[in-house]
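Letter by letter, the chains look like this.
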Amino acid sequence: MAARGTGRAVAGAAAAAGVAQPPKALIERLNKRYDSLHREFEDAFWATKMGLKDSPVGTGEALSKSKTAYEGFLADPANLKEVQTALEALV
């Protein structure tokens, strides 16, 4: 999981420089990141709800951290900007 944010940083730098990522690659990257963050949140949510204290994700701290990361991704205006830039490049 250490390299999880690497693609985001590279793509984000490209977007900041005005270089649009191809729409298909952008959608695949955003979907992959969303899926990863959502899965982490769901795993922590259910482990916490089921009282799996021995699980590394079955703690309130893990749930809070995963929810913050998930909601941060959803609210990140850079994602919208990247999509808008990619769509403008198609016109």
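Remember, predicted model here, so these are calculated numbers, not experimental data.

(A) Representation of helix α4 (residues 77–90) in the model. Over its 14 residues, α4 extends 20 Å from the first C-alpha to the last, a length consistent with the 20 Å expected when each residue adds 1.5 Å. N79, E82, T85 and A86 are the residues of α4 that are buried. Projection of α4 onto a plane perpendicular to its axis shows the buried side chains occupying an angular sector of 125°, all on one side. Pointing more than 90 degrees away from the buried face of α4 are the exposed residues P77, L80 and E88. Put simply, D76 is the residue that caps the front of α4, since its side-chain oxygen is 2.9 Å from the backbone nitrogen of A78.

(B) Layout of the side chain of T85. Here T85 is to be found in helix α4. At 2.9 Å, the side chain of T85 and the backbone oxygen of K81 are in polar contact.

(C) Representation of the environment of H38 in the model. Its place among the elements puts H38 in helix α2 (residues 23–49). Between the alpha carbons of H38 and F73 there is a distance of 9.8 Å; along the sequence they are 35 residues apart.

(D) Structural view of the confidence of the model for the protein chain. Taken as a whole, the protein chain shows an average pLDDT of 82; of its residues, 78% reach a score of 70 or greater. Under a pLDDT of 50 for its full length, residues 1–7 has, in the predicted model, five contacts with residues more than four places off or in other chains.

(E) Quick look at the pattern of salt bridges. Under the counting rule described, the total for this entry stands at three salt bridges. Note that K67 and E71 form a salt bridge whose closest N and O atoms lie 3.9 Å from each other. Taken together, the residues K67 and E71, both in helix α3 (residues 60–75) and four residues apart, mark about one turn of the helix.

Rules of the game
Residues numbered from 1 in each chain as written. Predicted model: local features only at pLDDT ≥ 70, side-chain atom pairs only at ≥ 80, totals over all residues. Heavy atoms only, no water. Helix = DSSP H or I, 4+ residues; strand = E, 2+ residues; numbered from the N terminus. Expected span 1.5 Å × (residues − 1). Buried < 20%, exposed > 50% of the residue type's maximum accessible area, 1.4 Å probe, protein only. Arc of directions from axis to C-beta. Polar contact = N/O pair within 3.5 Å; in protein donor to acceptor, adjacent residues only side chain to side chain. pLDDT = per-residue confidence, 0-100. Contact = heavy atoms within 4.5 Å. Salt bridge = Lys/Arg side-chain N within 4 Å of Asp/Glu carboxyl O.

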